[in-house]
Amino acid sequence: MIIPGSGSQALAAELAAALGEELAPVEYARFPDGELIARVGDVSPDRAVIVASTPTSDAHVELLQLQDAAREAGADEVITVLPYMGYARQDRVFQAGEPVSSRAVARAISANTDHVITVNPHERAVCDFFEPSAVAIDAASVLADPLPHDLVEPLFLAPDESATPLAETVCDAYGTGEVDYFEKVRLSGDEVEITPSDADVGGRDVVVVDDIVATGSTMSESIAVLNERDASRVYVACVHPLLAENAVTKLARAGVEQVIGTDTLERPVSRVSVAKVLAEEL
Ligand code: R5P
């Protein structure tokens, strides 16, 4: 049985269809004081697969409630699928006095589950913070599906070196093209400095590939550099289209041709689903 979090309903439905499993009815409500209450309908699953991205603190609490409700409903096995795991980027102490937030939320999630599946977490090592078994699956290949078939001398570009494997995955899935990467220095939460490589992008179509688009600074700065160098069409492809604050406007103003994201976060740019990749893992 698939149990959806409120922010992952479309993905959960696709996954249920892909697996031929029942989709549990869930009601998401609040008490008058603002506290959340997620109620799973009258079900009695042997295996409960909870599919719930956690981009907000409320989503984390809702996930803990769904895990508990699944046990209450008699599930022998509870699998927690985190299509997008919030707090995963806070995976170390950056300044004295800070918590390792991803470890803290992983421990809370671990309390009521038998297995965890994450999708392209920023660092795979975050899986080590869970106490039951946890895996990270790579769904980046699906990002090639919505790309047009007529890309001209396509360049799959990572905005920093750490995203190069993602760019390679999308390039391989597309079937043709080259891979390159820029250098990035983060100046603040929403400011980055991009140093381009010497790749010749003039007249070429470029697909900039990253795991997350958050504030959109990384992508808009990369697009600005590509425009200065006379690239043709520039596509942005990311697994997790977080699109915080004014990211959509930044990307539009930068002149992006199209933003392609998956449904790990359900946004207007979620043009492709990770359901089939998850179904293979389940
Ligand atoms: C961090 O290194 C990630 O891979 C992304 O590049 C980053 O989260 C993007 O953030 P933003 O959209 O705020 O520049």
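Okay, so let's go over this structure. Predicted model, so just to flag it, every value in this text is computed and none were measured. (Residues numbered from 1 in each chain as written. Predicted model: local features only at pLDDT ≥ 70, side-chain atom pairs only at ≥ 80, totals over all residues. Heavy atoms only, no water.)

### Digging into the site of the ligand
Consideration 1: Surrounding the ligand, one finds 14 residues, the nearest of these being D210, D211, A214, T215 and T218.
Consideration 2: G216 places a polar main-chain atom, nitrogen or oxygen, 2.9 Å from an oxygen atom of the ligand.
Consideration 3: Contact with the protein chains removes 92% of the 380 Å² of surface that the ligand exposes when unbound.
Consideration 4: Per element, the largest residue contribution to the shell around the ligand is four residues, and it comes from strand 12 (residues 206–213).
Consideration 5: The residue inventory of the shell around the ligand, partitioned by class, reads three nonpolar, five polar and six charged. (Near = heavy atom within 4 Å. Polar contact = N/O pair within 3.5 Å; in protein donor to acceptor, adjacent residues only side chain to side chain. Areas by Shrake-Rupley, 256 points an atom, 1.4 Å probe, with all protein chains shown as cover. Helix = DSSP H or I, 4+ residues; strand = E, 2+ residues; numbered from the N terminus. Nonpolar A, V, L, I, M, F, W, Y, C, P; charged D, E, K, R; others polar.)

### Details of the nonpolar core
Consideration 1: Counting 39 residues, the largest nonpolar core has V51, L147, F156, V170, V207, V209 and L278 as its most contacted members.
Consideration 2: The element best represented in this core is helix 4 (residues 164–174), accounting for five residues.
Consideration 3: Viewed by domain, this core spans two of them, domain 1 (2–139 + 275–281) and domain 2 (141–263), each represented by three or more residues.
Consideration 4: Apart from residues no more than four positions distant in its own chain, V209 is found in contact with F156, L157, A158, P159, A163, L166, A167, V170, M219 and A237. (Core = buried A, V, L, I, M, F, W, Y, C linked by side-chain atoms within 4.5 Å. Buried < 20%, exposed > 50% of the residue type's maximum accessible area, 1.4 Å probe, protein only. Domains from an automatic or database assignment. Contact = heavy atoms within 4.5 Å.)

### Overview of the side chain of N112
Consideration 1: With respect to the helices, strands and loops of the structure, N112 is situated in the loop between helix 3 (101–110) and strand 6 (115–119).
Consideration 2: Within polar-contact distance, the side chain of N112 engages the side chain of D68 at 3.1 Å.
Consideration 3: Among the polar contacts made by the side chain of N112, one reaches the side chain of R71 at a distance of 3.2 Å.
Consideration 4: With residues up to four places along the chain from it excluded, the contact list for N112 reads Q67, D68, R71 and V78.

### Thoughts on the pattern of salt bridges
Consideration 1: Within the structure shown, the criterion is met by nine salt bridges.
Consideration 2: With its nearest N and O atoms 3.3 Å apart, the salt bridge here joins D150 to R233. Here D150, found in the loop between strand 7 (133–137) and strand 8 (155–158), pairs with R233, found in the loop between helix 5 (217–228) and strand 13 (234–241); they are 83 residues apart in sequence, far enough to count as distant.
Consideration 3: The partner of R233 in a salt bridge is D205, with the nearest N and O atoms 2.8 Å apart. Of this pair, R233 sits in the loop between helix 5 and strand 13 while D205 sits in the loop between strand 11 (191–195) and strand 12, and the two are 28 residues apart along the sequence.
Consideration 4: Here the residues in one salt-bridge network are D150, D205 and R233, joined through shared partners. (Salt bridge = Lys/Arg side-chain N within 4 Å of Asp/Glu carboxyl O.)

### Observations concerning empty space enclosed by the protein
Consideration 1: Taken as a whole and judged by the stated rule, the model has one cavity of 30 Å³ or more.
Consideration 2: Of the volumes computed, that of the largest cavity is approximately 70 Å³.
Consideration 3: Around the largest cavity, the lining residues are L82, Y84, M85, A88, R89, T118, V119, N120, P121, H122, I212 and H240.
Consideration 4: Grouping the amino acids of the lining of the largest cavity by side-chain chemistry returns seven nonpolar, four polar and one charged. (1 Å grid on protein atoms, 1.4 Å probe; cavity = no way out; pocket = protein on both sides within 12 Å on 5 of 7 lines; lining within 4 Å. Points joined across faces, edges and corners; volume = space filled by probe spheres on them.)

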